[in-house]
Amino acid sequence: ADAPASFTATLREYQREGLGWMHFLRTFGFGGCLADDMGLGKTIQVLALLDQRRADGHGPSLVVVPRSLVFNWKAEAARFAPALRVADWSNAGRHDEAFETKSIDVALVTYGTLRRDAARLADIRFDYVILDEAQAIKNRGTATAKACRVLQASHRLALSGTPVENRVDELW
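Residues numbered from 1 in each chain as written. Predicted model: local features only at pLDDT ≥ 70, side-chain atom pairs only at ≥ 80, totals over all residues. Heavy atoms only, no water.

1. Description of the nonpolar core
The nonpolar side chains of a soluble globular protein tend to be buried, and buried together. Within the largest apolar cluster, 27 residues are counted, with the highest numbers of intra-cluster contacts made by Phe-7, Leu-50, Val-63, Trp-73 and Ile-130. Of all the secondary structure elements, the ones that give two or more residues to this core are helix 1 (13-27), helix 2 (42-55), strand 2 (61-65), helix 3 (70-80), strand 4 (106-110), strand 5 (125-131) and strand 6 (152-160). In terms of residue count, the dominant contributor to this core is helix 2 (6 residues). Ignoring sequence-local partners within four residues, the contact set of Ile-130 consists of Val-46, Leu-50, Leu-62, Val-63, Val-64, Leu-157 and Leu-159. The next biggest cluster of nonpolar side chains, apart from the first, holds 21 residues, and it includes Ala-87, Trp-89, Ala-134 and Ala-158. (Core = buried A, V, L, I, M, F, W, Y, C linked by side-chain atoms within 4.5 Å. Buried < 20%, exposed > 50% of the residue type's maximum accessible area, 1.4 Å probe, protein only. Helix = DSSP H or I, 4+ residues; strand = E, 2+ residues; numbered from the N terminus. Contact = heavy atoms within 4.5 Å.)

Take a look at the structure:
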């Protein structure tokens, strides 16, 4: 699939295939795990997807990331998908109004913030919930994994550079 006209990056062929695969998953109601080596552009592919969803009138979406990647997601969204209205819900200064979703396309939240605000986030219906570095929920009994399961979304994606570190059941 091609990225929308508002997307400023040129996707490589394998990234276009990845974007097409994500459209396929959505069409058939599947979730997915985009797992490839670090540095191959998972974030770019997802930003192209979210920019297309914005252009089609869908949203908001929630992207859950480790604290160390919040800046990267904000910077890459501003650079490659400048039409996306991105809200950073990861900071300590967030307040109830920050969870107003009518004026944003994408909300970024850390795994720690998700654990603390799971009850509030569970009341919001998201277009996509995307977990970056999704190996953070490989143990389904943790508070983080449980918090992810209460989120409401029409579509779900997991991103990981290391989907299986020790056992195959980590992918489950």
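2. Considerations on the sheet that holds strand 1 (residues 32-35)
Strand pairing in a sheet relies on backbone hydrogen bonds. The paired strands run either parallel or antiparallel. What the 6 strands build is an open sheet, ordered 1-6-5-2-4-3; its pairing is parallel. Both edges of this open sheet fall to strand 1 and strand 3 (86-88), since each of them pairs with a single strand only. Across the sheet, the mean angle from the axis of one strand to that of its neighbour is 20 degrees, orientation sign disregarded. Across the sheet, helix 2 is in contact with strand 1, strand 2, strand 4, strand 5 and strand 6; its angle to strand 5 comes to roughly 170 degrees. (Pairing = 2+ DSSP bridges. Axes fitted to C-alpha atoms, helices over the stretch in contact; angles between N-to-C directions.)

3. A word on empty space enclosed by the protein
One pass over the structure, following the stated rule, counts 1 cavity of 30 Å³ or more. One number sums up the size of the largest cavity: a volume of about 40 Å³. If you go around the largest cavity, the residues you meet are Leu-50, Arg-53, Arg-54, His-58, Gly-59, Ser-61, Leu-84, Asp-105, Val-106 and Asp-127. The element best represented in the lining of the largest cavity is helix 2, accounting for 3 residues. (1 Å grid on protein atoms, 1.4 Å probe; cavity = no way out; pocket = protein on both sides within 12 Å on 5 of 7 lines; lining within 4 Å. Points joined across faces, edges and corners; volume = space filled by probe spheres on them.)

No statement about biological role is implied by the geometric values presented.
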